[in-house]
Amino acid sequence: MSQERQKQAAAEAAVDYVAAHLEAGAALGVGTGSTVNFFIDALSPLKEQLGGAIASSEATRQRLAKLGIPLLDLNDIDRLAIYVDGADEIDHDFAMIKGGGGALTREKIIAAAADVFVCIADAGKRVDRLGNFPLPVEVIPLAKRLVAGQLTALGGRPLLREGFVTDNGNLILDVAGLSIHDPQALEATINQITGVVCNGLFAARGADILLLGTENGVLTCAPPAATLRR
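Keep in mind that what you see is a predicted model, and the values were worked out from it rather than measured.

A.B. asks: Whenever I open this one, the pairing of strand S2 (residues 52-55) confuses me. Can you help?
C.D. replies: For a regular strand, side chains alternate in direction, first toward one face of the sheet and then toward the other. Here S2 shows no split at all, with Gly52 and Ile54 on one side and Ala53 and Ala55 on the other all buried. Of the pairings in the sheet, the one linking strand S1 (residues 27-30) to S2 comprises four bridges and is parallel in character. Within S2, the residue paired with Gly29 across the bridge is Ile54. Following the chain from S1 across helix H2 (residues 34-41) to the adjacent parallel S2, one finds a crossover that is right-handed.

Right, here's the structure in full:
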């Protein structure tokens, strides 16, 4: 099964999960990225079940709107039961690197609000240790140089994502070379750097369920019982 077919299979499994677990009329959180695009495209049969969707990016908003799915604001709902999103890397404790699509801040906000975070990914995204994929860090433009220096001091090699501005009007530094032995600790450390809006480590709030597309079909995986979810 090709990587694209693995993504599609994981996305279709997520639609089945939503159909089985989301109450009629409830809102659904929807992430950003190539795997999520497969998920959105497969959502049409659930339009009547959904009360609306919370989109993590303008690109996702546009794709959902084309399907006629009502778009909601996170501030206007009392509860978000399920959030579905992909990952650039996910380890065995279900900590992730996200933000390859540049929507990491809004993704992290929606993930924090959701009762259940369902991660959909192809087998190539599963890793023993995070860090091969450069870590995206969203920064205030004024602080670009300051933050880059601090990230270099942490052992990283930050590179400005050229020609890219986030939906929040900020910049992305993609940081290669980090040794991520403790994802939660590093997530907190980077977020304390003045000028950082958010970083792409999703460890303090990792995924609750992983639907992993493999050559032999989709695996439904749960994190170790001791892993802190929230």
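A.B. asks: I'm lost on the packing of aromatic side chains in this one. Help?
C.D. replies: Each aromatic ring pair is described using two quantities: the centre-to-centre distance and the angle formed by the ring planes. Here the structure, examined in full by the defined rule, presents one aromatic pair. For the ring pair Tyr83 and Phe117, a centre distance of 5.1 Å and an interplane angle of 50 degrees mean the geometry is tilted. Note that Tyr83 is positioned in strand S3 (residues 80-85) and Phe117 in strand S6 (residues 114-122), a separation of 34 residues in sequence. A residue is classified by how much of its surface remains accessible, and Tyr83, at 0% relative accessible area, is buried. One Lys or Arg, Lys98, reaches over the ring of Phe202 and ends 5.4 Å from the middle of that ring. Directly above the aromatic system of Phe164 lies the positively charged group of Arg161, at a separation of 5.3 Å from the ring centroid.

A.B. asks: In this structure, what is going on with a nonpolar patch on the surface? I would like to understand it.
C.D. replies: Together, Ile140, Leu142 and Val197 give the surface a local cluster of nonpolar side chains, amounting to about 300 Å² of exposed area. For Ile140, a relative accessible area of 38% gives the class partly exposed.

A.B. asks: Even after reading the chapter, I still don't get H2, so can you show me in this structure?
C.D. replies: Three or four residues apart is the spacing at which side chains of an α-helix point the same way, because the helix has 3.6 residues per turn. Within H2, burial applies to Thr35, Val36, Phe39 and Ile40. Each buried residue of H2 sits inside an arc of 140 degrees when the element is viewed along its axis, so together they form one side. Buried positions along H2 lie against helix H1 (3-21), S1, helix H3 (58-66), S3 and S6.

Reading the values: rules and limits
- Residues numbered from 1 in each chain as written.
- Predicted model: local features only at pLDDT ≥ 70, side-chain atom pairs only at ≥ 80, totals over all residues.
- Heavy atoms only, no water.
- Buried < 20%, exposed > 50% of the residue type's maximum accessible area, 1.4 Å probe, protein only.
- Helix = DSSP H or I, 4+ residues; strand = E, 2+ residues; numbered from the N terminus.
- Pairing = 2+ DSSP bridges.
- Right-handed = clockwise from strand over helix to strand, strands pointing away.
- Phe/Tyr/Trp six-rings, centres within 6.5 Å; stacked < 30°, edge-to-face > 60°.
- Lys NZ or Arg CZ within 6 Å of the ring centre and 35° of its normal.
- Patch = residues over 30% accessible without salt bridge, like charges linked within 9 Å, V, L, I, M, F, W, Y side chains within 5 Å.
- Areas by Shrake-Rupley, 256 points an atom, 1.4 Å probe, with all protein chains shown as cover.
- Salt bridge = Lys/Arg side-chain N within 4 Å of Asp/Glu carboxyl O.
- Arc of directions from axis to C-beta.
- Contact = heavy atoms within 4.5 Å.

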